Amino acid sequence: MGKLTNKTALVTGSSRGIGRATALRLAREGALVAVHYATGEEAALKTVADIEAAGGKAFAVRSEFGVPGDIDTLFEALENGLKERTGTTTLDILVNNAAIMGGVPPEEVTPELFDRLFAINAKAPFFIVQRALGLLADGGRIINISSGLTKFANPQEVAYAMTKGAVEQIALHFARHLGARGITVNSVAPGITDNGSPVFDIPEAVEQMSQMSAFGQVGKPADVGDVVAFLASDDARWITGSFIDATGGTLLG
Ligand code: NDP
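All residue numbers here refer to positions counted from 1 along the written sequence of the relevant chain. Given that the model is predicted, a residue must reach a pLDDT of at least 70 before its local features are reported, and side-chain atom pairs must reach 80 or more before they are shown or counted; all residues, however, enter totals for whole chains, interfaces and linings. Based on all heavy atoms of the structure, the side-chain values leave hydrogens and waters out of the count.

For the protein, an unreviewed UniProt entry supplies the name SDR family oxidoreductase and the organism Streptomyces huasconensis. Taken verbatim from the UniProt record of the protein, the Sequence similarities (unreviewed entry) comment is "Belongs to the short-chain dehydrogenases/reductases (SDR) family." UniProt positions are given in the numbering used here, feature names are shortened, and annotations may be inferred rather than shown by experiment.

Here's what the structure looks like:
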């Protein structure tokens, strides 16, 4: 029996990358997983199909964050999907993973890009947590994916890192708010992780990025997904309000 049998989970941005690996791992542990996506329907359906092929349970939910009605759209699909499969809308595990990066020098960050980064990476997770409060079971889990860039300078990503600094605050304050219900709230910070984007096909770039980790490698999505699965399990019941460094030692300097 898996560690998450009879649990339900929502993983935002699980059509690909770290979110996909997290969804696969949570499902492998027995959770019914809502695989959220924005534009990558085919990829999300593949995540669902791969979970089912491995004997797990999942369904896809679509919502683009950062546009009006985004949270309503997400929860309508989530609640319908849960009700259809479990008879209730109870949610045990919420993983706020979906995000976009900036990728421009500080001088080129426009107010529009800044607002979009905050809308998707910080505002959406806050209102997803707020909306999930009514669905979350006592003893539930909230895990927000941050980034090593809240503690490691990269001027190209200053605005993105600011959004991740904001998202880390959710763990501090909601951990206190929800402790009486046994709900834990934590941040997981990945380092450079091969999410399948084209830069990971360039050997020289991978070599350079690998040097940042104490292990001399770039991370694999499952390296982070497995940490999230631990936090989602009962074994992590005594960890809340924490920043978990899942950068492969990048922050050691
Ligand atoms: P990817 O870029 O591979 O995937 C991003 C996911 O977020 C996709 O599922 C995408 O959905 C979804 N998404 C993007 N924009 C929106 C939007 N507007 N509304 C809703 N969903 C959206 O992500 P990674 O796996 O690289 O990163 C996952 C998390 O880890 C992020 O929070 C990221 O900041 C963090 N992180 C990643 C690092 C890395 O090196 N990869 C390093 C440090 C932190 P769709 O494709 O369907 O549009």
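K.L.:
Describe in detail helix H2 (residues 41-53), supporting the description with residues and values.
P.N.:
Here a helix means four or more residues in a row that DSSP labels H or I, a strand means two or more in a row labelled E, and each is numbered from the N terminus. The span you would expect from a helix comes to 1.5 Å times its residue count less one. An ideal rise of 1.5 Å per residue puts 18 Å on 13 residues; H2 measures up with 18 Å between its terminal C-alpha atoms. Within H2, the full set of buried residues consists of Ala44, Thr47, Val48 and Ile51. When H2 is viewed along its axis, its buried side chains cluster within an angular range of 95 degrees and face the same direction. Exposed and oriented more than 90 degrees from the buried face of H2 are Glu42 and Ala53. The contact definition used throughout considers only heavy atoms, calling two residues in contact when any of these lie within 4.5 Å. Looking at the buried side of H2, the elements it contacts are helix H1 (17-28), strand E2 (32-37) and strand E3 (57-62). Phi turns positive one or two residues past the end of H2, at Gly55, with a value near 90 degrees. Only protein chains enter the area calculation, which uses a 1.4 Å probe; residues under 20% of their type maximum are buried, those over 50% are exposed, and those in between are partly exposed. This arc corresponds to the set of directions leading from the helix axis out to the C-beta atoms.

K.L.:
Explain the pattern of salt bridges to me, and be specific about the residues and the numbers.
P.N.:
Counted as salt bridges are all cases of a side-chain nitrogen of Lys or Arg within 4 Å of a carboxyl oxygen of Asp or Glu. In total, this model carries 10 salt bridges according to the counting rule given. Here Glu29 makes a salt bridge to Arg25, at a shortest N to O gap of 2.6 Å. The buried category is assigned to Glu29, whose relative accessible area is 13%. Here Lys220 and Asp223 are joined by a salt bridge, their closest N and O atoms 3.8 Å apart. Among the residues examined, Asp223 registers a relative accessible area of 38% and is labelled partly exposed. One network of salt bridges, in which partners are shared, links Arg20, Lys46 and Asp50.

K.L.:
Could you give me a rundown of the sheet that holds strand E4 (residues 91-96), with the residues and numbers involved?
P.N.:
Sheet strands pair via backbone hydrogen bonds, and the direction of the pair is either parallel or antiparallel. The rule for pairing is simple: two strands pair if DSSP sees at least two bridges between them. Spatial strand order, E3-E2-E1-E4-E5-E6-E7: seven strands in an open sheet with parallel pairing. Lying at the two open borders of the sheet, with one neighbouring strand each, are E3 and strand E7 (243-246). The average angle at which neighbouring strand axes cross in this sheet is 20 degrees, direction not considered. Axis geometry follows a simple rule: fit a line to the C-alpha atoms, using only the stretch in contact for helices, then measure angles between N-to-C directions, giving values from 0 to 180 degrees. Helix-sheet contacts for helix H3 (residues 70-86) involve strand E1 (8-11), E2, E3 and E4, and the interaxial angle to E3 is about 155 degrees.

K.L.:
Which residues make up the site of the ligand, and what are the values?
P.N.:
By convention in these notes, a residue is near a molecule or strand provided one of its non-hydrogen atoms lies within 4 Å of it. With respect to spatial proximity, 29 residues lie near the ligand, and among them Ser15, Thr39, Asn97, Tyr160 and Asn195 are the closest. Whenever a nitrogen or oxygen atom comes within 3.5 Å of another N or O atom, the pair is scored as a polar contact, on the condition that within protein one atom can donate a hydrogen and the other can accept it, and that pairs from neighbouring residues in sequence are kept only if both atoms are in side chains. Between the ligand and Arg16, the relevant distance is 2.7 Å, taken from an oxygen atom to a side-chain nitrogen or oxygen of the residue. A distance of 2.6 Å separates an oxygen atom of the ligand from a polar side-chain atom of Thr39. Areas reported as accessible are Shrake-Rupley estimates using a 1.4 Å probe. Residue values count occlusion only from the protein chains shown. If the ligand stood free it would expose 900 Å²; the protein chains cover 91% of that surface. Looking at the shell around the ligand, the elements with two or more residues in it are H1, E2 and helix H5 (158-178). Note on residue categories: nonpolar means Ala, Val, Leu, Ile, Met, Phe, Trp, Tyr, Cys or Pro, charged means Asp, Glu, Lys or Arg, and polar means any other residue, Gly included. Each residue belonging to the shell around the ligand can be placed in one class, and the counts come to 12 nonpolar, 14 polar and three charged.

K.L.:
For the environment of Ala229, give the residues involved together with the corresponding values.
P.N.:
Within the element layout of this structure, Ala229 appears in helix H7 (residues 221-232). Residue classification places Ala229 among the buried residues on the basis of a relative accessible area of 5%. A C-alpha to C-alpha distance of 14 Å links Ala229 and Thr240, two positions 11 residues apart in sequence. If we ignore the near neighbours within four places in the chain, the residues touching Ala229 are Arg25 and Leu26.

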